[in-house]
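Structural features, examined
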Amino acid sequence: MTSTAAAPARRGQNHGHELDRVGKPPPLAMVVFGASGDLTARKLLPALAALGEHGALPDEFAVVGVARTEWGDDDFRRVAAGAAGDHSSRWRKLVDNFRYVAGEYGHPDTFDRLKSVLDDLDDKVGTSGNRLYYLATIPDLFGVVAEALAHHGCNKPGAGGTFARLVVEKPYGDDLESAQVLDRQLHKAFEESQIYRIDHYMGKETVQNVLALRFANSVFEPVWNRRYVDNVQITVAEELGVEHRGGFYERAGALRDIVQNHVMQVLALTLMEPPALMDAQGIRDEKVKLLRAVVVPEVEAVTTMAVRGQYGAGTVGGQGVPAYRDEQDVAPDSTTETYVAMKLAVENWRWAGVPVYVRTGKRLPKRATEVALEFQRVPHLAFGQRLARELHANSIFVRIQPDEGVRLVFGAKVPGEEFRLRSVGMDFSYAQAFPGSTADAYERLLHDAMIGDPTLFIRTDEVAQAWTIVDPILDAWAEDGSPLTRYAAGTWGPHEADLLLARDLREWHDP
Ligand code: BG6
């Protein structure tokens, strides 16, 4: 975080792209496993192209694509070139160095050929023995690829190099046990310090801004605790359905796909203690400490603290959309959840007694990720209830996406003779305060992996703790412990999710 953390403060003065001003990584070769797949085309290559365009890649840089698809170097270069706009001369120049290795991931020959391509790049392009391996294959292959890399000596830098790092995509296991099996496989091949587990939410500028808001200001932190906060709400809402990922999603569901990772990361940053130092260890230690304080639900209690839902047909953005069960590659009697709402408790000095409500869902009315802190009401309202009907609790909303910003809601007197009160908002908009384009999450994270800054990556103990919280809920649902509820696409989720809060005399803040 050291080099990148300073960027937001400077961005306001200069209306460029923030990565125009960050340091270049050293020479390196990046190897992408799963190079002909969706993630590479949709996220990795565009992020690399943006980095290249902004001069944030070294001249001695190359990508080696590895996949089963029978492509040659030129096919891969064509796809890579297409990831940037027409005027991207810097990127096109880099793409000429790119190489492709077609082969089975379990086959030694694939890795022999990869090794000689890497040696060749060191010679011809000057990649200097530095390696960044990126696992973008199906998760079942993560361990296989890591072991094969180690077997071929690729877990260490090549001649003259200083690093070999392994970036691992989510999902990181299906539950605690499988995550631990994967960890053991990876640790046989790579040291923990070489492993960079990606959660792209950590690369979002506004997720990091939670830290700035809390720990760089003296007005917020004093009230950021059980003495003043009534409840915390985290919403990760998506307008999209499962698109063409039905096959994957059937096995995952919203709890594994979003809650175990993205929601837990946002929750940890929102509720953790201030670290002494904003570095990789400081931040990650505090996140784990916080996740350890989240009460692990009892399987029997899951019905009362969690709601799972699945979307039916409905209307989103004025368009009719099908039910989840009618999506491609989804079983007609599927019980996979596309919506989760939970009430969590955090048992530590700061948060004891403050409920933390979280929810995520596909096919909700809009795409919006938001953290809301609702404060306690004043102890005595001297104005009389009639005049304060439109007065809500004070709240802070951190809008993570889209329309990034922070909103503070407080009460004001409505002009006129009566002393009527109403809630009003004070808004900070990222786009207005800092014009210029912001780096995409993958740009930020790839750059951090290249310069060797692990701050925004997920450590093994964080992954394990997040699974520990989620596992009993998976178990309860696998045993059919609580009913699958329904909601129409384009609504804010099942009625049961509203009841979860209504029981506590509270309501969701819909973004
Ligand atoms: C991914 C999930 O991790 O995050 C997807 O697998 C989801 O299902 C996506 O759509 C959401 O990311 P973002 O950045 O659009 O909020």
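Rules and cut-offs
Residues numbered from 1 in each chain as written. Predicted model: local features only at pLDDT ≥ 70, side-chain atom pairs only at ≥ 80, totals over all residues. Heavy atoms only, no water. pLDDT = per-residue confidence, 0-100. Contact = heavy atoms within 4.5 Å. Helix = DSSP H or I, 4+ residues; strand = E, 2+ residues; numbered from the N terminus. Core = buried A, V, L, I, M, F, W, Y, C linked by side-chain atoms within 4.5 Å. Buried < 20%, exposed > 50% of the residue type's maximum accessible area, 1.4 Å probe, protein only. Domains from an automatic or database assignment. Near = heavy atom within 4 Å. Polar contact = N/O pair within 3.5 Å; in protein donor to acceptor, adjacent residues only side chain to side chain. Areas by Shrake-Rupley, 256 points an atom, 1.4 Å probe, with all protein chains shown as cover. Nonpolar A, V, L, I, M, F, W, Y, C, P; charged D, E, K, R; others polar. 1 Å grid on protein atoms, 1.4 Å probe; cavity = no way out; pocket = protein on both sides within 12 Å on 5 of 7 lines; lining within 4 Å. Points joined across faces, edges and corners; volume = space filled by probe spheres on them. Pairing = 2+ DSSP bridges. Axes fitted to C-alpha atoms, helices over the stretch in contact; angles between N-to-C directions.

Looking at the confidence of the model for the chain
Residues with a pLDDT of 70 or more make up 95% of the chain, whose mean pLDDT is 93. Taken together, the stretch residues 1-15 has pLDDT below 50 and engages in 28 contacts with residues farther than four places along the chain or on a different chain.

Considerations on unusual backbone geometry
Here the bond from Lys170 into Pro171 is cis, since omega is 0°, no more than 30 degrees from zero. Note that Pro171 resides in the loop between strand S5 (164-168) and helix H8 (176-189). In the segment running from Gln401 into Pro402, the intervening peptide bond is cis, with an omega of -15°. You can see Pro402 is positioned in the loop between strand S14 (395-401) and strand S15 (405-413). The backbone of Arg363 shows a phi angle near 60°, a positive value even though the residue is not glycine. You can see Arg363 is positioned in the loop between strand S12 (356-361) and strand S13 (368-375). One non-glycine residue with positive phi stands out, namely Asp403, at about 55°.

A word on the nonpolar core
Counting residues in hydrophobic clusters, the biggest one holds 151 residues, and the most contacted among them are Phe33, Trp91, Tyr134 and Met342. Of all the elements, helix H10 (residues 246-271) adds the most residues to this core, at 12 residues. No fewer than three residues from each of domain 1 (8-198) and domain 2 (202-377 + 458-502) sit in this core. Not counting chain neighbours up to four residues away, the residues in contact with Met342 comprise Leu255, Val259, Met264, Met305, Ala306, Val356, Tyr357, Val358, Ile473 and Leu500.

Side note on the site of the ligand
Near the ligand, the surroundings consist of Lys170, His200, Tyr201, Lys204, Glu238, Arg245, Asp257, Ile258, His262, Lys362, Arg367 and Gln401. A distance of 2.7 Å is found between an oxygen atom of the ligand and a side-chain nitrogen or oxygen belonging to Gln401. In the complex, the protein chains occlude 82% of the 400 Å² of accessible area that the ligand would expose alone. Of all the elements, H10 adds the most residues to the shell around the ligand, at 3 residues. Classifying every residue of the shell around the ligand by side-chain character gives 2 nonpolar, 3 polar and 7 charged.

Examining empty space enclosed by the protein
For the structure shown, the criterion picks out 2 cavities of 30 Å³ or more. By volume, the largest cavity amounts to about 140 Å³. Taken together, 15 residues form the lining of the largest cavity, with Tyr172, Gln260, Asn261, Ile458 and Val463 sitting closest to its centre. Contributions of two or more residues to the lining of the largest cavity are made by H10 and helix H15 (460-478). Of the residues contributing to the lining of the largest cavity, the split by class is 7 nonpolar, 3 polar and 5 charged.

Details of the sheet that holds strand S6 (residues 195-197)
Judged by pairing direction, the sheet is parallel, and its 6 strands sit side by side in the order S3-S2-S1-S4-S5-S6 without closing on themselves. Whereas interior strands pair on both sides, the edge strands pair on one side only; in this sheet they are strand S3 (99-102) and S6. Adjacent strand axes in the sheet meet at a mean angle of 20° when their direction is disregarded. When strand S1 (residues 28-33) meets strand S2 (residues 61-67), the two strands line up parallel, connected through 6 bridges. Across the sheet, the residue bridging to Val32 is Gly65, located in S2.

Considering the sheet that holds strand S17 (residues 484-488)
One open sheet accounts for 9 strands, arranged S16-S15-S14-S13-S7-S12-S11-S8-S17; its pairing is mixed. Bordering the open sheet on either side are strand S16 (421-429) and S17, each of which pairs with just one other strand. The mean inter-strand angle of the sheet, taken between neighbouring strand axes irrespective of direction, is 20°. Looking at chain direction, strand S8 (residues 306-312) and strand S11 (residues 339-344) are connected through 4 bridges and run antiparallel.

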